[in-house]
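The residues making up each chain are set out below.
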Amino acid sequence: MISPWRAVDPIDSAAYGALRRRAIFDCCKWDPQVGDAAVIARAPLVVNRDAWTEVAALAEALARETRAAEAELIRRPDLHGRLGLPRGTRRSLAKAAKDAARGTRRTPHGASRTGASRTDVRLIRFDFHFTTDGWRISEANVDVPGGLNEAAGFPPLFAPYYTGATAIGDPAQSYVDALSAATPDGGAIALIHATAYSDDEQMMAFVARRLEPRGRVAHLASPAHLRWRDGRAHLHASWWRGPLDLVVRFFPAEWLYQLPRACEPDYLFSGSRTPLSNPATAILVQSKRFPTIWNELDTPLPAWRALLPETRDPRDVSWRGSPDWVVKPALGRVGEGVGITGISDAADWNKISRAIRWSPSHWVAQRRFETVSIPAAGGATYPCLGVYTLNERAIGAYGRVASRPLIDSMAQDAAVLLIRDESTLNSKLETRN
């Protein structure tokens, strides 16, 4: 099996220091380390052209199936309780199901009662791993896909050091172009996010920087700043109050029910007359328990079935102490709560085991795969290639690498570069003048 990766040398310490400063100020990468560990990788992920063509096509197939499955699931409240969602979230989804049952009614601004819009802006990120059995995905970030500032900002910083390699598109700019096309000149866009988290704030700030030259007014805000009048979103903040032309939601759907009642978060699931990116109904396919209900759906899912490892309710398999299974929370993010025998430390494993014993319906067991590593001077690294799709079209990639086969908060963000010219690509670092 031919690896899709090309191993390259890392940049030196002096170049890395300069690049790190640019990452902070140019790319809004305000958290360049976790504790004492740097989280910006010194070497990019370099992928060959044929591999990118293949994985991009796979991501687009997944995106088509994901959108179709979500549309069906909105109308299937009988299945919502099996997805490990909080009760408050299920209540909001039940209202969305009633809207769907009444039929789609078009309203101003191109929006519908089900939250979809004629000018749709749906962003998804599928996390791919190249394994001994070919490409596999570990999850789909359908609800609030992050990493745009690193994915768009890092490749132009690294590419000048590696002759023969280039960036794979600009996913942030593609997203901004779509948001701009969905709003009028001078339109107001709220970028709502969990304002207490710097990694959320930094991505929204990066997107806002790109929106303003397009003649759009971007407001960084909390979902608690939203108010609704006749189904239209308004910003109700100390610095600005008025109607919004679009709401970008970078706030997990399963947290929305905790907002004050005045925020009326149900509109982020359905009934909004203001376009949304992404509607909160995305949580239906974000849940890692989504595969446990596949056989109940009419939507065919051949790409999902081929690319996602077997996924079961943990009560149905012998996962304890087994090297064959990985356990994950249904709504975990950034690798949190993932348990792998021989990889997770004892304290984490005990905590995970207790949580599964208490609430097995909020967890899954997933068949373990063997990731093909990339050789490096400090030891092998395990890569993850996050492929973004925008309205079912692949637009770029987000790279992460780890020193063990688990991509979690300690993994490093890596620029993703595409081999432009095989004959001139240097595996040794080329010094810039």
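Here, residues in each chain are numbered from 1, in the same order as that chain's written sequence. Only residues with pLDDT of at least 70 get local features here, since the model is predicted, and only at 80 or more are side-chain atom pairs given and counted; chain-wide, interface and lining totals rely on the full set of residues. Remark: hydrogens and water are excluded; side-chain values derive from all non-hydrogen atoms of the structure.

### A short note on the nonpolar core
So the rule is basically this: Buried Ala, Val, Leu, Ile, Met, Phe, Trp, Tyr and Cys residues that are joined via side-chain atoms within 4.5 Å together make up what is termed a nonpolar core. Partly exposed residues are those whose accessible area sits between 20% and 50% of the maximum for their type, while under 20% is buried and over 50% is exposed, using a 1.4 Å probe and protein chains only. A run of H or I in DSSP counts as a helix once it spans at least four residues, and a run of E counts as a strand once it spans at least two, with each numbered from the N terminus.
Membership of the largest hydrophobic core comes to 74 residues, with the highest contact counts inside it found for Trp-52, Phe-126, Phe-128, Leu-268, Phe-290, Trp-304 and Leu-385. If you tally residues by element for this core, the top one is helix H2 (residues 49-74), at eleven residues. In terms of nonpolar packing, the next biggest core, distinct from the first, is built from 49 residues, Val-8, Ile-40, Leu-157 and Leu-179 among them.

### Thoughts on the packing of aromatic side chains
Quick note on the threshold: Pairing of aromatic side chains requires ring centres within 6.5 Å, counting the rings of Phe and Tyr and the six-membered ring of Trp. Pairs whose planes differ by under 30 degrees are stacked, by over 60 edge-to-face, and all others tilted.
Going through the model one piece at a time under the given rule, you end up with eleven aromatic pairs. Aromatic pair Phe-128 and Trp-135: ring centres 6.1 Å apart, planes at 90°, arrangement edge-to-face. Side by side, Phe-128 and Trp-135 carry an identical accessibility label, which is buried. Here Trp-319 and Trp-349 contribute two aromatic rings whose centre-to-centre distance is 6.0 Å and whose plane-to-plane angle is 70°, an arrangement assigned as edge-to-face. On the criterion of sequence distance, the pair formed by Trp-319 in the loop between strand S14 (311-312) and strand S15 (325-329) and Trp-349 in helix H10 (residues 346-358) is long-range, its members being 30 residues apart. We note that Trp-319, like Trp-349, is buried. Grouping aromatic residues by their ring pairs yields a cluster made of Trp-5, Phe-128, Phe-130 and Trp-135.

### Description of the state of the cysteines
Disulfides are covalent bonds that link the sulfur atoms of two cysteine residues. Note the cut-off: The term disulfide is used for any two cysteine sulfur atoms that are within 2.5 Å.
According to the stated counting rule, one finds zero disulfides in the structure shown. We note that Cys-28 lacks a disulfide partner, and the nearest cysteine sulfur, in Cys-27, lies 7.6 Å from it. On the accessibility criterion, Cys-28 (0% relative accessible area) is buried.

### Examining a positive patch on the surface
For clarity, the cut-off: The patches reported here contain residues having more than 30% relative accessible area and no salt bridge. Joining distances are 9 Å for like charges and 5 Å for nonpolar side chains (Val, Leu, Ile, Met, Phe, Trp, Tyr). All accessibility values rest on the Shrake-Rupley procedure with a 1.4 Å probe; residue burial counts only the protein chains present in the view. We define a salt bridge as a contact between a side-chain nitrogen of Lys or Arg and a carboxyl oxygen of Asp or Glu at a distance within 4 Å. Just so you know, the count uses Lys and Arg for positive and Asp and Glu for negative, and it drops His and the chain ends. Charged groups are reduced to one reference atom each: NZ for lysine, CZ for arginine, CG for aspartic acid, CD for glutamic acid.
Where like charges cluster on the molecular surface, the positive patch consists of Arg-320, Lys-351, Arg-354 and Arg-357. Relative to the helices and strands, Arg-354 resides in helix H10.

### Quick look at the pairing of strand S7 (residues 188-193)
Where we set the bar: Two strands are said to pair when DSSP picks up at least two bridges between them. Crossovers are marked right-handed if the path from the first strand over the helix to the second runs clockwise, as seen with the strands pointing away from the viewer.
With six of six residues buried, S7 is to be regarded as a mostly interior element. Both faces of S7 are covered, namely the face carrying Ala-188, Ala-190 and Ile-192 and the face carrying Ile-189, Leu-191 and His-193. Pairing of S7 with strand S8 (residues 217-221), which is carried by five bridges, proceeds in the parallel orientation. Of the residues in S8, the one forming a bridge with Ile-189 is Ala-218. For the segment spanning S7, helix H7 (residues 198-211) and S8, crossover handedness is right-handed.

### Examining the packing of helix H5 (residues 148-158) against helix H6 (residues 171-181)
This is how it is decided: To get an axis, a line is fitted to the C-alpha atoms, and for a helix only the part in contact is used. The angle between two axes follows their N-to-C directions and goes from 0 to 180 degrees. Working definition: roughly parallel below 35 degrees, roughly antiparallel above 145 degrees, roughly perpendicular at 65 to 115 degrees, and oblique for all remaining angles. Any two residues whose heavy atoms approach within 4.5 Å at even a single point are treated as in contact. Gly is put with the polar residues, along with every residue not named as nonpolar or charged; the nonpolar set is Ala, Val, Leu, Ile, Met, Phe, Trp, Tyr, Cys and Pro, and the charged set is Asp, Glu, Lys and Arg.
One can describe the packing of H5 onto H6 by two numbers: an axis separation of 7 Å at closest approach and a directional angle of 120°. With respect to H6, the element H5 is oriented oblique. Contacts between H5 and H6 involve Leu-148, Ala-151 and Ala-152 on the former and, on the latter, Pro-171, Ala-172 and Tyr-175. In terms of residue class, the contact of H5 with H6 is made up of six nonpolar, no polar and no charged.

Purely spatial values, then, with no claim about function.
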